[in-house]
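Residues per chain are reported as follows:
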Amino acid sequence: MILLTGATGTVGRLVARRLPATEPVRLLARDPARAAALAGPGAEVVGGDFEDPASLRRALTGVRSALLVTANPLTHAHDENFLTAARAAGVGHTVKLTTLSVTEPGATDLVTEWQRENERLLRASGLSWTLLRPRAFMSNTLGWARSIRAEGVVRGADGTVATAAIDPRDIADVAVGALTDAAGHAGRAYALTGPAGITPVEQTEILGELLQRRLKFVELTEDQVLRGLLARYPEPVAHALAESAARGRHGSKGQVEPTVAELLGRSARGYREWTAEHLAEFGGPAPG
Ligand SMILES: NC(=O)c1ccc[n+]([C@@H]2O[C@H](COP(=O)([O-])OP(=O)(O)OC[C@H]3O[C@@H](n4cnc5c(N)ncnc54)[C@H](OP(=O)(O)O)[C@@H]3O)[C@@H](O)[C@H]2O)c1
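Residues numbered from 1 in each chain as written. Predicted model: local features only at pLDDT ≥ 70, side-chain atom pairs only at ≥ 80, totals over all residues. Heavy atoms only, no water.

Looking at the pattern of salt bridges
Item 1. Per the stated rule, a full pass over the model turns up 20 salt bridges.
Item 2. Among the salt bridges present, the one from Glu-151 reaches Arg-155, with a minimum N-O distance of 2.8 Å.
Item 3. Accessibility expressed as a relative area gives 44% for Glu-151, which makes it partly exposed.
Item 4. Given a relative accessible area of 38%, Arg-155 falls into the partly exposed group.
Item 5. Within the structure, one salt-bridge network assembled from shared partners comprises Arg-18, Asp-170, Asp-173, Arg-266 and Arg-269. (Salt bridge = Lys/Arg side-chain N within 4 Å of Asp/Glu carboxyl O. Buried < 20%, exposed > 50% of the residue type's maximum accessible area, 1.4 Å probe, protein only.)

Shown next, in the form of structure tokens:
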């Protein structure tokens, strides 16, 4: 049995679709009805919450491998509760979604430190583990969809700063390998990037080309970016994300890693491929 947390989220839902039908799969979700709509035929859906240790113990019973996705940088309790329940249930292997910034010595923002500590907790748990450390997700640009649809405008930060953003499908493909072949991936930490550094201006150009629309990129000031983040996230998280963006301006996020190609035997997907699958969200035709 493979258990997926984050099953309604960006990566978890892609993993759910990709796991081989030969493997029993259980999806954990706070709202099981939401997860049921995403589950493949034969997948089991259970209600569970990282805040509720009893629900985790129930969900982890009989589980061989688990995907751990936590998303609240203001607490370590979610990872701790999961690991305690996983140890008690005798889970064989845990695949943890973390972040590539943990490898940058200069990265000391709250979100990076949170993931460093989560990684430490997993390593110290005695469980077998694999760490997936992605760079920014290409899907973050879905945040531009509304203004593209309404006005043909992208309002973004750092238009000419390159990031080796990754297609979440590539993270999911690596996760499937690690969940189904624990022995082949135990004790490994994978740096996962896209095939090239790409800037927001270049992403806007690709979007415009595929949508066949003239799009305009409007560069936001640091202050505007921070205000936007504060509107969406708790204050400490907003400041951490702004700090991370400032670090990126020194070029720390553009480096391409060969890991996706090495593990999957093919190139990492580029932003053009990601965009082609998501045109409908940006107001274009659905993929054929
Ligand atoms: N976005 C990026 O660019 C980026 C880059 C590097 C690393 N990461 C890492 O990726 C992770 C997020 O992955 P994602 O984007 O795939 O997820 P996501 O889309 O942000 O979704 C979060 C998932 O966590 C679940 N969740 C939230 N609180 C929960 C709780 N208390 N109990 C149980 N489940 C809970 C949500 O389920 P509900 O349906 O219940 O809400 C949802 O399935 C984070 O750890 C982040 O640091 C992200």
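Focus on helix H7 (residues 168-180)
Along an α-helix, a turn takes 3.6 residues, which lines up residues three or four apart on a common side.
Item 1. A rise of 1.5 Å per residue sets the reference length of H7, with its 13 residues, at 18 Å; its end C-alpha atoms lie 18 Å apart and thus fit the reference within 8%.
Item 2. Listed as buried for H7 are Pro-168, Arg-169, Asp-170, Ile-171, Ala-172, Val-174, Ala-175, Val-176, Ala-178 and Leu-179. (Helix = DSSP H or I, 4+ residues; strand = E, 2+ residues; numbered from the N terminus. Expected span 1.5 Å × (residues − 1).)

A word on the packing of aromatic side chains
Item 1. With the rule as written, the count across this model stands at three aromatic pairs.
Item 2. Measuring from centroid to centroid gives 6.3 Å for Phe-50 and Phe-82, while their planes differ by 70 degrees, and the two rings are edge-to-face. Taken as a pair, Phe-50 in the loop between strand S3 (44-47) and helix H3 (53-60) and Phe-82 in helix H4 (residues 77-89) lie far apart in primary sequence, 32 residues in all.
Item 3. Under the relative-accessibility criterion, Phe-50 is labelled buried at 12%.
Item 4. Where Trp-274 meets Phe-282, the ring centres are 6.0 Å apart and the plane angle is 80 degrees; that geometry is what we call edge-to-face. Residues Trp-274 and Phe-282 agree in their burial class; the two are buried.
Item 5. Three or more aromatic residues joined by ring pairs make a cluster, and in this case those are Tyr-271, Trp-274 and Phe-282.
Item 6. One cation-aromatic arrangement involves Lys-96 over Trp-114; the distance from NZ or CZ to the ring centre is 5.9 Å. (Phe/Tyr/Trp six-rings, centres within 6.5 Å; stacked < 30°, edge-to-face > 60°. Lys NZ or Arg CZ within 6 Å of the ring centre and 35° of its normal.)

A short note on the nonpolar core
Item 1. Ranked by internal contacts, the top residues of the largest apolar core, which has 27 residues, are Leu-4, Val-15, Leu-19, Leu-67, Leu-132, Leu-179 and Leu-192.
Item 2. Breaking this core down by element, the ones donating at least two residues are strand S1 (2-4), helix H1 (10-18), strand S2 (25-29), strand S5 (93-97), H7 and strand S8 (188-192).
Item 3. If one sorts the elements of this core by residue count, H7 sits on top with seven residues.
Item 4. The residues contacting Leu-4, other than those within four sequence positions of it, are Gly-12, Val-15, Ala-16, Leu-19, Val-25, Arg-26, Leu-27, Leu-28, Leu-67 and Leu-179. (Core = buried A, V, L, I, M, F, W, Y, C linked by side-chain atoms within 4.5 Å. Contact = heavy atoms within 4.5 Å.)

Brief notes about unusual backbone geometry
Item 1. Residues other than glycine seldom take positive phi values, yet Asp-158 does so here, at roughly 50 degrees.
Item 2. Within the fold, Asp-158 resides in the loop between strand S7 (153-156) and H7.
Item 3. Non-glycine residue Gln-212 carries a positive phi angle of around 55 degrees.
Item 4. With respect to the helices, strands and loops of the structure, Gln-212 is situated in the loop between helix H9 (200-211) and strand S9 (216-219).
Item 5. Owing to a relative accessible area of 72%, Gln-212 belongs among the exposed residues under this scheme.

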